[in-house]
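# Observations on the model geometry
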Amino acid sequence: MNAITKMLIGAGATALMAMASHSWLDMGSNFIDKLQSGAETALGNAGGTGVTVAFDRDSALTRIAVLSGTADAAMRERLLAAVRAVPGVKDARWADDGAASAPAAPTGE
């Protein structure tokens, strides 16, 4: 057996183990549930009253938190930083309805 064949067999076995643990054994969903709980705690500790957090639960398990609600620009940044600091969270962003209440800067037209 040559090196390429060994590599392909190893890659296939790794992919099967990942699918088994994340999909069939529901470990991925449990992991996202823990991230959700941690992110909600972080929002509460950072003063995120009226702001919610959700995670996409597709098969890729992106670990990206989506915040929604209304907050001014400074609070939005503080809440994003708090959620991003939760161990395991890849990134955080605001959903469309979480736009800052401050108006956009003029374009100079």
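The structure displayed is predicted, hence computed values, not measured ones. (Residues numbered from 1 in each chain as written. Predicted model: local features only at pLDDT ≥ 70, side-chain atom pairs only at ≥ 80, totals over all residues. Heavy atoms only, no water.)

### Focus on the overall build of the protein chain
Quick note on the threshold: The way it works is that DSSP assigns letters per residue, a run of H or I at least four long becomes a helix, a run of E at least two long becomes a strand, and they are numbered from the N terminus. Only protein chains enter the accessibility calculation, which uses a 1.4 Å probe; a residue is then buried when its area is under 20% of its type maximum, exposed when over 50%, and partly exposed in between. The accessible surface values rely on the Shrake-Rupley method and a 1.4 Å probe; as for residues, cover is taken only from the protein chains in view.
Along the protein chain, the regular secondary structure elements total three helices and three strands. Going through the 109 residues of the protein chain one by one, you find that 28% of them count as buried. Roughly 7,200 Å² of accessible area belongs to the protein chain as shown, and the carbon and sulfur atoms make up 60% of that amount.

### Let's talk about the pairing of strand β2 (residues 64-68)
As a reminder, the rule being used: Paired strands are those between which DSSP finds at least two bridges. A crossover counts as right-handed when, viewed with the strands pointing away from the observer, the path leading from the first strand over the helix to the second turns clockwise.
Extensive coverage of β2 is indicated by the burial of four of its five residues. Bridge analysis of strand β1 (residues 52-55) against β2 gives four bridges, and the strand direction is antiparallel. Paired with Phe55 across the strands is Ala65, a residue of β2. Sheet topology places β2 next to strand β3 (residues 91-94); four bridges connect them, and they run parallel. By the bridge assignment, Ala65 is partnered in β3 with Ala92. Running through helix α3 (residues 73-84), the crossover from β2 to the neighbouring parallel element β3 is right-handed.

### Section: the pattern of salt bridges
Convention followed: One side-chain nitrogen of Lys or Arg within 4 Å of one carboxyl oxygen of Asp or Glu is enough to make a salt bridge.
According to the stated counting rule, one finds one salt bridge in the structure shown. Between Asp91 and Arg84 there is a salt bridge, with its nearest N and O atoms 2.9 Å apart.

### Notes on the environment of Thr41
Of note, Thr41 is situated in helix α2 (residues 27-45). Looking at Thr41, the relative accessible area reads 44%, which means it is partly exposed. Considered as a pair, Thr41 and Ala82 are 41 residues apart in the sequence and their alpha carbons are 9.4 Å apart.

### Here's the deal with the nonpolar core
Rules: Here, nonpolar core means buried Ala, Val, Leu, Ile, Met, Phe, Trp, Tyr and Cys residues that are tied together by side-chain atoms lying within 4.5 Å of each other. Should any heavy atoms of two residues lie within 4.5 Å, those residues are counted as being in contact.
Counting 20 residues, the largest nonpolar core has Phe55, Leu67 and Val83 as its most contacted members. At five residues, α2 tops the list of elements feeding residues into this core. Excluding residues that lie within four positions of it along the chain, Phe55 makes contacts with Ile32, Leu35, Gln36, Ala39, Arg63, Ile64, Ala65 and Val89.

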